[in-house]
Amino acid sequence: ILLFSIIATRKMKDVPGPLQNIAEMAVGGLLNFFAGVLGEKKARHYFPMLGSFFVLIIVCNYSGLIPGSGDLFTVPTSVLTVTAALSTISFVAIQSSGIKKRGLGKYLGTFFKPFAFLFPILILEQFTRPLSMALRLYGNIYGEELAAETLFELFPAGLPIVMHILSLLFCFIQAMVFTMLLAVFDLVLTGLHGPYIGHSPRSDYFDIRSKGFDAELETDLVISFSGSTVADGNSTFFSCDLNEFLC
């Protein structure tokens with residue numbers, strides 16, 4: 001992976017060659033995907049981590065398609081200790097990101113919302129997320145490897161080839177799911193909460209603070225809400241339809 005990256009980007013040109021073109025398409029495709037989850041600004045910020053996870057996992061998954069896998073070597077992501085290590089790293093990265101974004105006090109305060117008695121459950125949830133990610137990746141890849149090996153023993157010709165073709169898509173999906181969950185969990189912990197329904201991936205996050213109204217919104221919202229403000233002792237009721245709301 002490192003060698004390909006060095007060769008592909010060693011002499012960058014305005015008119016890219018084949019290797020540079022492949023590298024740019026891969027990076028651009030991944031960046032656009034994560035921008036659809038995090039927004040463009042956050043996607044660029046977290047892309048080195050998310051992109052590294054995706055590339056590492058998909059290469060490990062595809063190593064099972066190499067002749068001799070299972071006999072000469074084991075597919076890394078079909079080993080629980082490997083997926084557990086990946087999930088542990090992602091857990092530390094997510095928690096660190098949440099603390100850095102919110103501050104330690106506000107970060108810890110999120111575990112007492114909406115009700116303080118939910119604190120044990122919310123804490124437990126943070127640990128079950130990486131556990132589920134590790135077991136999901138391990139179980140899917142191990143099961144795929146076991147199914148392919150069994151089919152090869154029963155039907156030495158024909159069907160295993162079809163299975164390997166399907167594995168190309170299957171392994172890609174597993175790498176994408178792992179990194180997408182990582183992006184979503186990071187999105188939750190870094191503070192994108194509030195009364196919004198749907199948002200553009202190009203939105204920029206901001207806060208609204210006013211008398212009688214305290215909310216966290218994003219630009220380009222598609223949302224309806226109603227409420228009231230108090231000014232000079234008089235209540236003013238309003239009902240808004242925020243479609244492509246800009247501030």
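Overview of the structure. Nothing here was measured: the structure is a model prediction, and the numbers come from that model.

The subject of this paragraph is the pattern of salt bridges. Per the stated rule, a full pass over the model turns up 2 salt bridges. As a salt-bridge pair, Glu 40 and Arg 44 come within 3.7 Å of each other at their nearest N and O atoms. Highlighted residues: Glu 40 and Arg 44, both in helix H3 (residues 40-62), separated by 4 residues, approximately one helical turn. Across the salt bridge formed by Arg 129 and Glu 125, the nearest N and O atoms sit 3.2 Å from each other. On the criterion of helical spacing, the pair formed by Arg 129 and Glu 125 is a turn pair, its members being 4 residues apart in helix H6 (residues 119-154). On the basis of relative accessible area, Arg 129 is assigned to the buried category, the value being 13%. Judged by its relative accessible area of 31%, Glu 125 falls in the partly exposed class.

Right, let's talk about the nonpolar core for a bit. Counting 32 residues, the largest nonpolar core has Leu 38, Leu 50, Ile 57 and Phe 178 as its most contacted members. Breaking this core down by element, the ones donating at least two residues are helix H2 (18-38), H3, helix H4 (80-102), H6 and helix H7 (159-189). Counting residues per element, this core draws most heavily on H7, at 9 residues. When near neighbours in sequence (up to four residues on either side) are disregarded, Ile 57 contacts Thr 77, Leu 86, Leu 137, Ala 175 and Phe 178.

Under the definition given, this model contains 9 aromatic pairs. With a centroid separation of 5.3 Å and an interplanar angle of 90°, the aromatic rings of Tyr 107 and Phe 111 are classed as edge-to-face. The same class applies to Tyr 107 as to Phe 111, namely buried. These aromatic residues form a ring-pair network of at least three members: Phe 33, Phe 34 and Phe 47.

Here we take up unusual backbone geometry. Across the junction of Lys 113 and Pro 114, the peptide omega takes the value 0°, indicating a cis bond. Note on placement: Pro 114 falls in the loop between helix H5 (104-109) and H6.

For any two helices packed against each other, the geometry is given by the interaxial angle and the distance between the axes. Relative to each other, H3 and H4 sit at 175°, their axes nearing to 12 Å. Between H3 and H4, the angle is such that the two are roughly antiparallel. In this structure, H3 uses Lys 42, Tyr 46, Met 49, Phe 53, Leu 56 and Ile 57 to contact H4, whose residues at the interface are Leu 86, Ile 89, Ser 90, Ala 93, Ser 97 and Lys 101. Here the residues of the contact of H3 with H4 are counted per class, giving 8 nonpolar, 2 polar and 2 charged.

Between helix H1 (residues 2-9) and H2, the least distance of the axes is 8 Å, while the angle of their chain directions is 115°. Classified by the angle their axes make, H1 and H2 are roughly perpendicular. Here H1 and H2 pass one another in a crossing that is left-handed. Residue-level inspection shows Phe 4, Ile 7 and Ala 8 of H1 in contact with H2, the latter providing Leu 19, Gln 20, Ile 22 and Ala 23. A class-by-class count of the residues in the contact of H1 with H2 yields 6 nonpolar, 1 polar and no charged.

With 36 residues, H6 ought to run about 52 Å at 1.5 Å a step, and its terminal C-alpha atoms sit 52 Å apart, in line with that. Taken as a whole, H6 carries its principal kink of about 25° at Phe 127; the proline Pro 130 stands between one and four residues after it. Those residues of H6 that sit buried are Leu 122, Gln 126, Arg 129, Pro 130, Met 133, Ala 134, Leu 137, Ile 141, Glu 144, Glu 145 and Ala 148.

Rules behind the numbers
Residues numbered from 1 in each chain as written. Predicted model: local features only at pLDDT ≥ 70, side-chain atom pairs only at ≥ 80, totals over all residues. Heavy atoms only, no water. Salt bridge = Lys/Arg side-chain N within 4 Å of Asp/Glu carboxyl O. Helix = DSSP H or I, 4+ residues; strand = E, 2+ residues; numbered from the N terminus. Buried < 20%, exposed > 50% of the residue type's maximum accessible area, 1.4 Å probe, protein only. Core = buried A, V, L, I, M, F, W, Y, C linked by side-chain atoms within 4.5 Å. Contact = heavy atoms within 4.5 Å. Phe/Tyr/Trp six-rings, centres within 6.5 Å; stacked < 30°, edge-to-face > 60°. Axes fitted to C-alpha atoms, helices over the stretch in contact; angles between N-to-C directions. Parallel < 35°, antiparallel > 145°, perpendicular 65-115°, else oblique. Nonpolar A, V, L, I, M, F, W, Y, C, P; charged D, E, K, R; others polar. Left-handed = near helix turned anticlockwise from the far one by under 90°. Expected span 1.5 Å × (residues − 1). Bend = angle between axes of the 7 residues up to and from the residue.

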